[in-house]
Amino acid sequence: FFGVLFITAACAGGSYIAAGFAPFNDQSSTFFVEDPLAVAAVAAVVAFLVALSFMDVLDMASDTLLYCYGVDLQSGKEDHNAPHALQELVNNHSNDHKSEDDHS
């Protein structure tokens, strides 16, 4: 959720700032922007929709990768296709839980 908000704010802010520079602030230009706030609002809506779609895909891909790695671990497969960083994260996290169970 914070990623979507950050992307939305960055795009809206960037659009508002860009509307203050030439050719958007030159009244004789065909690209003149009379209301930079309106441009920023439209940019924010578009950025929100694009960021939300992208983050949903990223969330689903990361969940799928974690799920598949978990299935590989449960089935006892020796050959894991998960990235090394994910393997370390899962192994360290499972070791933390084992040590907490030992202290109980």
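One numbering rule holds for all chains: residues counted from 1, following each sequence as written. In keeping with the model being predicted, local features are shown solely for residues with a pLDDT of at least 70 and side-chain atom pairs are shown and tallied solely at 80 or more, while totals for entire chains, interfaces and linings include all residues. Derived side-chain values reflect all non-hydrogen atoms in the structure, with water molecules and hydrogen atoms excluded from consideration.

Undergrad: Looking at this structure, how should I read a nonpolar patch on the surface?
TA: The patch calculation keeps residues exceeding 30% relative accessible area without a salt bridge and links them within 9 Å when they carry like charges or within 5 Å when they are nonpolar (Val, Leu, Ile, Met, Phe, Trp, Tyr). Residue-level accessible areas treat just the shown protein chains as cover; the underlying method is Shrake-Rupley with a 1.4 Å probe. Every case where a carboxyl oxygen of Asp or Glu lies within 4 Å of a side-chain nitrogen of Lys or Arg is listed as a salt bridge. Together, Tyr16, Ile17, Phe21 and Leu37 make up a nonpolar patch on the protein surface, roughly 460 Å² of accessible area in all. In this structure, Leu37 sits in helix α2 (residues 36–75). Per the convention used, a helix needs a DSSP run of H or I reaching at least four residues, while a strand needs a run of E reaching at least two, with both numbered from the N terminus.

Undergrad: Please explain the environment of Leu65 as it appears in this structure.
TA: Note on placement: Leu65 falls in helix α2. The exposure class of Leu65 is partly exposed, given its relative accessible area of 38%. Sequence spacing of Leu65 and Leu86 is 21 residues, and the spatial spacing of their C-alpha atoms is 9.0 Å. Two residues qualify as a contact provided that any one of their heavy atoms is within 4.5 Å of a heavy atom in the partner residue. Residues contacting Leu65, with those up to four places away along its chain left out, are Pro83 and Leu86. Note on classification: 1.4 Å probe, protein chains only; a residue is buried when its accessible area is under 20% of the maximum for its type, exposed when over 50%, partly exposed between these limits.

Undergrad: What is the right way to look at helix α1 (residues 2–18) in this model?
TA: Three or four residues apart is the spacing at which side chains of an α-helix point the same way, because the helix has 3.6 residues per turn. Between its first and last C-alpha, α1 extends 24 Å over 17 residues, near the 24 Å set by a 1.5 Å rise per residue. Listed as buried for α1 are Val4, Thr8 and Ala12. Angular distribution of buried residues about the axis of α1 spans 55 degrees; they occupy a single face of the element. Opposite its buried face, α1 presents the exposed residues Phe2, Phe6 and Ile17, each directed more than 90 degrees away. Every helix has an expected span of 1.5 Å times one less than the residues it contains. Think of the arc as the fan of directions from the helix axis to the C-beta atoms.

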